[in-house]
Amino acid sequence: MRFSTIPLALVLIALMSIAARAQDRAITVRGHIICFDVSNHRLDCEKASAIRFAFQATDEKLYRFLPTDVLTAMFADQQVRQMELQILGLLREKDQLEIVKVQAFKEETLHDVYYYCYVCSITSYAPGPCVCCGKDVELIVTPTPIN
Ligand SMILES: [Zn+2]
């Protein structure tokens, strides 16, 4: 009896981990970027101490981003923060969103948002200097192609 309970426990652990992964579901949320300081106090994004970003959906639900998510780099750009955004992401845990794609609404039309270096013809998802030539990349907001 004692021995048979061990494999059963292992099976349960395996099933629980599969269930945990199944919770990572793809979602699409619409809303705005909001900012927090290091102590998790919400503040004005234009304040210098604003360093953490989160997403407030139109239904008021709040989503955090993974600290390792490189796609959050574009939220450092005030122009991106001021737009109404649509984020396609994977929901991890209860409110943690891993970004797959960031889009923006302009005049109720969905637009792709990215950065582009006209010197090197390189697309990136972070503002600032181009990784190739060092010239500042340009924010591109272009209507999402309809398939
Ligand atoms: Zn370049």
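Above this text sits the structure in question.
Rules used throughout
- Residues numbered from 1 in each chain as written.
- Predicted model: local features only at pLDDT ≥ 70, side-chain atom pairs only at ≥ 80, totals over all residues.
- Heavy atoms only, no water.
- Helix = DSSP H or I, 4+ residues; strand = E, 2+ residues; numbered from the N terminus.
- Buried < 20%, exposed > 50% of the residue type's maximum accessible area, 1.4 Å probe, protein only.
- Contact = heavy atoms within 4.5 Å.
- Donors = N, O, S within 2.8 Å, 3.2 Å for Na, K, Ca; no water.
- Tetrahedral: all angles 85-135°; square planar, octahedral: opposite > 155°, others 65-115°.
- Disulfide = S-S within 2.5 Å.
- Salt bridge = Lys/Arg side-chain N within 4 Å of Asp/Glu carboxyl O.
- Polar contact = N/O pair within 3.5 Å; in protein donor to acceptor, adjacent residues only side chain to side chain.
- Phe/Tyr/Trp six-rings, centres within 6.5 Å; stacked < 30°, edge-to-face > 60°.
- Lys NZ or Arg CZ within 6 Å of the ring centre and 35° of its normal.

A closer look at the environment of Cys45
Argument step 1. Relative to the helices and strands, Cys45 resides in the loop between strand E2 (42–43) and strand E3 (52–57).
Argument step 2. Looking at Cys45, the relative accessible area reads 17%, which means it is buried.
Argument step 3. C-alpha separation for the pair Cys45 and Phe75, spaced 30 residues apart in sequence, amounts to 9.8 Å.

Observations concerning the side chain of Asp77
Argument step 1. Note that Asp77 resides in the loop between strand E4 (62–65) and helix H2 (78–81).
Argument step 2. Asp77 has contacts with Tyr115, Pro127 and Leu139, leaving out every residue within four places of it along the chain.

Remarks on the coordination of the zinc ion
Argument step 1. Coordination of the zinc ion by the protein comes from Cys117 (SG), Cys120 (SG), Cys130 (SG) and Cys133 (SG), over a distance range of 2.3 to 2.4 Å.
Argument step 2. Coordination at the zinc ion is tetrahedral, judged from the four donor atoms that bind it and the angles of 103 to 115° they form at the metal.
Argument step 3. Look at Cys120 and you get partly exposed, because its relative accessible area is 22%.
Argument step 4. When its relative accessible area of 36% is taken as the criterion, Cys133 is described as partly exposed.

Brief notes about the state of the cysteines
Think of a disulfide as a covalent bridge from one cysteine sulfur atom to another cysteine sulfur atom.
Argument step 1. Taken as a whole and judged by the stated rule, the model has one disulfide.
Argument step 2. Shown here is the disulfide that connects Cys35 with Cys45, its sulfur atoms set 2.1 Å apart. Across the S-S bond linking Cys35 and Cys45, the dihedral sits near 100°, which makes this disulfide right-handed. Taken as a pair, Cys35 in strand E1 (residues 25–36) and Cys45 in the loop between E2 and E3 lie far apart in primary sequence, 10 residues in all. The pair Cys35 / Cys45 is uniform in exposure class, with both members buried.

A closer look at the pattern of salt bridges
Argument step 1. Inspection of the entire model under this criterion finds seven salt bridges.
Argument step 2. Lys101 is paired through a salt bridge with Asp112; the nearest N and O atoms lie 3.8 Å apart. Highlighted residues: Lys101 in strand E6 (residues 96–106) and Asp112 in strand E7 (residues 109–117), separated in sequence by 11 residues.
Argument step 3. Three or more residues are tied together by salt bridges with common partners; here these are Arg30, Glu84 and Glu108.

Some thoughts on the side chain of Asp112
Argument step 1. Take Asp112: its relative accessible area is 13%, and that puts it in the buried class.
Argument step 2. Side chain to side chain, Asp112 and Thr144 meet in a polar contact 2.9 Å long.
Argument step 3. Ignoring sequence-local partners within four residues, the contact set of Asp112 consists of Lys101, Gln103, Ile140, Val141, Thr142, Pro143, Thr144 and Pro145.

Overview of the environment of Val80
Argument step 1. Note on placement: Val80 falls in helix H2.
Argument step 2. A residue is classified by how much of its surface remains accessible, and Val80, at 0% relative accessible area, is buried.

Considering the packing of aromatic side chains
Argument step 1. Applying the stated criterion across every chain, the model contains three aromatic pairs.
Argument step 2. Look at Phe53 and Phe75: their rings are 6.1 Å apart centre to centre, the planes differ by 75°, and that puts the pair in the edge-to-face class. With Phe53 in strand E3 and Phe75 in the loop between E4 and H2, the pair connects residues that are 22 residues apart, well separated along the chain.
Argument step 3. Accessibility expressed as a relative area gives 0% for Phe75, which makes it buried.
Argument step 4. What links up through ring pairs into an aromatic cluster is the set Phe53, Phe65 and Phe75.
Argument step 5. The ring centre of Phe105 lies 3.5 Å from the NZ or CZ of Arg30, which sits over that ring.

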